Amino acid sequence: MGAALGNGNWPLAVGRYWAGGCLMNDMMFTRVTLALLLVTATALVLVMFVCPLIIVCIESLRQYVPGSIGANADAPFTFENYGPLLHNAYFRYFADTIVISLLSTLVTIFLSYPTAHILARTANRALRTCGLSVLLAILFTSALVKVYSIALVMGPVGFGGVLSSLFGTYPTSRLMSEISVSIGLISFLYPISTLTLMNAIQNVNPNYVTAAVSLGSSWTKAYIYIELPQCRSAIMSTCALCFTLGVSAFVIPLILGRGQVSFVTNLIYTRFSEIANYPSGASLATLLLLGVALIFALLRLANAVLDVGKKNGRIVHESLAR
Amino acid sequence: MNRWLDNILGIGLAAILAVTGMVLLLPTLMTIIASFDARRFIGSFPPESLSLRWYYEFFQSSYYMTALYYSLLIAVLTALLSSTIGFLAAVGLHYAPRRLANPLSAIFLAPLIVPGVVLGFGTLFLFAKMGFTWTFGKILAAHVLITMPYTIRTALTGIDGIKQSMIEAAFSLGATDIQVIRRILLPIAASSIATGFLFAFAFSMDDVAVTIFLTGTDVYTLPIAMLSNMKSDFNLSIAAASTFMVLIVLVMLFVLEAAVGIDRIVGRGIYGRAGS
């Protein structure tokens, strides 16, 4: 009898049967275990993530009291922290953040798609491992190291002079700062974008492209008309991810912007470090948060629309097949 | 016509790869070379004579060494805590009913896309309201939070590969929940957990946006120290510090390749030929 049941734990198994409440739960973790497994992470996220974001939103609506971190509990609610942000002086920060992040995102996607394609499709194991190692090395390299290196290269002892004359300006011009920030963002986003796109390309059936080529298409056309459309949704979500990370970048514009280019993130930090206007910082942070939420809402919407389109296409396709 | 188009594409791709490689790798290589410069100032490139003076300066500086000590300590503790909590949460998410797991995993992964500065600013408020003044604990808690999405995701990919029948066999033979987790899930997911550990370590070593709101005068991390030196005195000791950080990354990659295999981390996808 004991041998048939394997070990002395069978009373527990019986206990589980009753604790589980029904037969279906027999071969599963009990609810208590699942709850215990999830409780630490949930508590951490609630305290360290949800609470701070809620506090930021509430603080942004409190009246500014100089000299204290956080308003008094009875401070009146007001929208006046948002008012000054509509002023023209702030427009430049928002414009810089959005335009530079967007351009860097597009360049990153353009540069990383070929690499992602090669790494996804190559049969050469050594090439793949080598490429992935370089990608991971770039991913793991601290943003500080990248920023310092780029500052060095774009500085007076590097290629700053040559590059600036190429663009028809001088090394300390605003344009050069913009270019530096973009290069910083690209080297930050490139490994992330490549790895994400690679995953997507790996899951596209390579036989479709081969089939098209064997039917007389060129490889170029086959990639553009067959592989690329199948990665459309992945490319869109990579764009959204890169743009969000670009907008969130902090050190890159702080150092490479040389004070000529500042992102909203830098502005928020200044509110904390230099002028100690916490409610104003909180309202900027809230705007940034809403912006990020908006990007992902738009992505969801776009994906939903595309999905509907796909379904319609499939219906048309099936009706034609009949 | 077709061949002509393909040749253009091939040349274009080669050009794109070359430019990308140059833009991404050249600056760091230049920094590594510059860190061996013997001159007292940042002179023209390449250096005329080599020395280890900037490394000497880096390792002599009590400011940098304090930062390095706290950075390594916080990164190791963060990686340990984050990969433990992440693994447990991943098990919970994988086996919990969908209607619970879906919203929970969305909120667990959300810190990935929230700007670090917003999070740091909010955390600052939170700790001020709580009256929590232990700087080391503040930074550690924040780092565990921002690295948890990575550890949960990597652990989930490890658990996804485990056959349900194995779990059922264990339960039917009378294993307890804890035994199933320790004897089956943990060993099979071990390499994924190790990957998560290294990701957490790397991102904890790197974070500035959140940490900068939480540091004090006595507890600060290496990136913060480098940043403040970059703003005050742009010299080559930062290049030495950078080279040291690149060295840490290379050691991590070596460990990753030896322990897990870099190819496996990324996965080959559903059409991947594992044998080729």
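The present account deals with the structure reproduced in this document. (Residues numbered from 1 in each chain as written. Chains lettered and ligands numbered in written order. Predicted model: local features only at pLDDT ≥ 70, side-chain atom pairs only at ≥ 80, totals over all residues. Heavy atoms only, no water.)

**Quick word on the overall build of chain B**
Thinking step 1. The helix and strand tally for chain B stands at 11 helices and zero strands.
Thinking step 2. Element order for chain B, N to C, with α for helix and β for strand: α-α-α-α-α-α-α-α-α-α-α.
Thinking step 3. Dimensions of chain B along its principal axes, counting C-alpha atoms only, are 70 × 70 × 30 Å.
Thinking step 4. In chain B, the share of contacts with a sequence separation of at least 24, taken over all contacts with a separation of at least 6, comes to 72%.
Thinking step 5. When the accessible surface of chain B is totalled, it reaches about 12,300 Å², and 68% of it is carbon and sulfur.
Thinking step 6. Within chain B, the 13 negative side-chain charges are centred at a point lying 7 Å from the centre of the 16 positive side-chain charges. (Helix = DSSP H or I, 4+ residues; strand = E, 2+ residues; numbered from the N terminus. Contact = heavy atoms within 4.5 Å. Areas by Shrake-Rupley, 256 points an atom, 1.4 Å probe, with all protein chains shown as cover. Lys, Arg positive; Asp, Glu negative; His and termini not counted. Charge placed at Lys NZ, Arg CZ, Asp CG, Glu CD.)

**What about the overall build of chain A?**
Thinking step 1. Helix and strand counts for chain A stand at 13 helices and zero strands.
Thinking step 2. Its helices and strands taken in sequence order, chain A reads α-α-α-α-α-α-α-α-α-α-α-α-α from the N to the C terminus.
Thinking step 3. Residues counted as buried form 48% of the 322 residues belonging to chain A.
Thinking step 4. The contacts of chain A with a sequence gap of at least 6 include a subset with a gap of at least 24, amounting to 66%.
Thinking step 5. Approximately 15,600 Å² of chain A is accessible, and the part contributed by carbon and sulfur atoms is 70%. (Buried < 20%, exposed > 50% of the residue type's maximum accessible area, 1.4 Å probe, protein only.)

**Regarding the environment of V246 of chain B**
Thinking step 1. Considering the arrangement of structural elements, one finds V246 of chain B in helix α10 (residues 237–259).
Thinking step 2. Residues contacting V246 of chain B, with those up to four places away along its chain left out, are T141 and V145 of chain A together with T28 and I32 of chain B.

**What to know about the packing of helix α2 (residues 53–60) of chain B against α10 of chain B**
All names here are of chain B.
Thinking step 1. Where α2 meets α10, the closest approach of the two axes is 8 Å, and the angle between their N-to-C directions is 80°. The angle between α2 and α10 places the two elements in the roughly perpendicular class. Two secondary-structure elements touch here, α2 through W54, Y55, E57, F58 and F59 and α10 through S237, A240, A241, T243 and F244.
Thinking step 2. Per-class residue counts for the contact of α2 with α10 are seven nonpolar, two polar and one charged. (Axes fitted to C-alpha atoms, helices over the stretch in contact; angles between N-to-C directions. Parallel < 35°, antiparallel > 145°, perpendicular 65-115°, else oblique. Nonpolar A, V, L, I, M, F, W, Y, C, P; charged D, E, K, R; others polar.)

**Quick word on the interface of chain B and chain A**
Thinking step 1. At the junction of the two partners, chain B supplies 107 residues and chain A supplies 106 residues.
Thinking step 2. Both sides together, the interface formed by chain B and chain A hides about 9,100 Å², and carbon and sulfur atoms give 78% of it.
Thinking step 3. For E59 of chain A, the salt bridge goes to K129 of chain B, with nearest N and O atoms at 3.1 Å.
Thinking step 4. Applying the counting rule to chain B against chain A returns 10 residue pairs in polar contact (both at pLDDT 80 or more).
Thinking step 5. It is helix α1 (residues 2–34) of chain B that provides the largest number of residues to the side of chain B that touches chain A, a total of 17 residues.
Thinking step 6. Classifying every residue of the side of chain B that touches chain A by side-chain character gives 78 nonpolar, 19 polar and 10 charged. (Buried area = accessible area lost by both parts, 1.4 Å probe. Salt bridge = Lys/Arg side-chain N within 4 Å of Asp/Glu carboxyl O. Polar contact = N/O pair within 3.5 Å; in protein donor to acceptor, adjacent residues only side chain to side chain.)

**Focus on a nonpolar patch on the surface**
Thinking step 1. The grouping of Y69, L73, V76, L77 and L80 of chain B at the surface amounts to a nonpolar patch, some 400 Å² of accessible area in total.
Thinking step 2. Position of Y69 of chain B among the secondary structure elements: in helix α3 (residues 62–95). (Patch = residues over 30% accessible without salt bridge, like charges linked within 9 Å, V, L, I, M, F, W, Y side chains within 5 Å.)

**Here we look at the side chain of S218 of chain A**
Thinking step 1. Structurally, the position occupied by S218 of chain A is in the loop between α8 (206–214) and α9 (219–230).
Thinking step 2. Residue S218 of chain A is classed as buried on the basis of its relative accessible area of 1%.
Thinking step 3. Once residues within four sequence positions are removed from consideration, S218 of chain A is found in contact with V213 of chain A together with N2, L5 and D6 of chain B.

**Focus on helix α4 (residues 98–109) of chain B**
Thinking step 1. Compared with an ideal rise of 1.5 Å per residue, which puts 12 residues at 16 Å, α4 of chain B spans 16 Å between its outermost C-alpha atoms and is within 8% of the ideal.
Thinking step 2. Every buried residue belonging to α4 of chain B is among A101, L104 and F108 of chain B, and all of these are buried. Buried residues of α4 of chain B, seen end-on, are gathered within an arc of 75° and therefore sit on one face of the element.
Thinking step 3. Against α2 (31–59) of chain A together with α3 and α6 (135–160) of chain B lie the buried residues of α4 of chain B. (Expected span 1.5 Å × (residues − 1). Arc of directions from axis to C-beta.)

**Some thoughts on the pattern of salt bridges**
All names here are of chain A.
Thinking step 1. With the rule as written, the count across this model stands at four salt bridges over all chains.
Thinking step 2. Between R174 and E178 there is a salt bridge; the shortest N-O distance is 2.9 Å. Of the two residues, R174 and E178 both sit in helix α7 (residues 174–202), four residues apart, roughly one turn of that helix.
Thinking step 3. Judged by relative accessible area, which is 21%, E178 ranks as partly exposed.

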